[in-house]
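What follows is each chain in one-letter form.
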Amino acid sequence: MADTEVGLKGKKVGNIKVSEEHSNFLINLGGGKAADVVMLASIIKQKVRDELGVQLLEEVKYVGF
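Residues numbered from 1 in each chain as written. Predicted model: local features only at pLDDT ≥ 70, side-chain atom pairs only at ≥ 80, totals over all residues. Heavy atoms only, no water.

1. Digging into the sheet that holds strand S1 (residues 12-13)
- Across the sheet, 3 strands lie side by side as S1-S2-S3; this open sheet has antiparallel pairing. Bordering the open sheet on either side are S1 and strand S3 (26-28), each of which pairs with just one other strand.
- Both S1 and strand S2 (residues 16-18) contribute to a ladder of 2 bridges, which runs antiparallel. Looking across to S2, one finds that Val13 is bridged to Ile16.
- Along the sheet, helix H2 (residues 34-52) contacts S1, S2 and S3; its crossing angle with S2, the most-contacted strand, is approximately 25°. (Pairing = 2+ DSSP bridges. Helix = DSSP H or I, 4+ residues; strand = E, 2+ residues; numbered from the N terminus. Contact = heavy atoms within 4.5 Å. Axes fitted to C-alpha atoms, helices over the stretch in contact; angles between N-to-C directions.)

Structure, rendered in structure tokens:
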């Protein structure tokens with residue numbers, strides 16, 4: 001729902017991409033780095049917060065950062 005409103009499907013950082021089918025999934029296109037995942041997740045959260053006023057919370061735990 002939120003992606004339809006903020007237009008992030010297909011957005012890429014490095015070799016990590018927001019799924020075209022389900023915007024809740026980040027896809028490693030091959031050789032993607034953990035830093036790319038963190039950056040893309042940050043972009044998604046910021047855009048949703050700025051445009052919809054919703055603060056997204058991640059369900060994952062980052063280890064080693």
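2. Quick word on the nonpolar core
- In this structure, Val6, Leu8, Val13, Ile16, Val18, Leu40, Ile44 and Val48 together form the largest nonpolar core, which totals 8 residues.
- Those elements that provide at least two residues to this core are S2 and H2.
- Sort the elements by how many residues they give to this core and H2 lands first, with 3 residues.
- If sequence neighbours within four positions are ignored, Leu40 has contacts with Lys11, Val13, Ile16, Lys17, Val18 and Leu26. (Core = buried A, V, L, I, M, F, W, Y, C linked by side-chain atoms within 4.5 Å. Buried < 20%, exposed > 50% of the residue type's maximum accessible area, 1.4 Å probe, protein only.)

3. Examining the pattern of salt bridges
- Applying the stated rule across the entire model yields 4 salt bridges.
- Taking the shortest distance from any N to any O, the salt bridge between Glu20 and Lys17 comes out at 3.6 Å.
- Residue Glu58 pairs with Lys45 through a salt bridge whose shortest N-O separation is 2.5 Å. Of this pair, Glu58 sits in the segment after H2 while Lys45 sits in helix H2, and the two are 13 residues apart along the sequence.
- Residue Glu58 is classed as partly exposed on the basis of its relative accessible area of 32%. (Salt bridge = Lys/Arg side-chain N within 4 Å of Asp/Glu carboxyl O.)

4. As for the environment of Leu40
- Its place among the elements puts Leu40 in helix H2.
- Of the residues examined, Leu40 reaches a relative accessible area of 0% and is grouped as buried.
- C-alpha of Leu40 to C-alpha of Val13: the two residues are 27 residues apart in sequence and 5.9 Å apart in space.

5. As for a nonpolar patch on the surface
- Together, Val38, Val60, Tyr62 and Phe65 make up a nonpolar patch on the protein surface, roughly 390 Å² of accessible area in all.
- Here Val60 shows up in the segment after H2. (Patch = residues over 30% accessible without salt bridge, like charges linked within 9 Å, V, L, I, M, F, W, Y side chains within 5 Å. Areas by Shrake-Rupley, 256 points an atom, 1.4 Å probe, with all protein chains shown as cover.)

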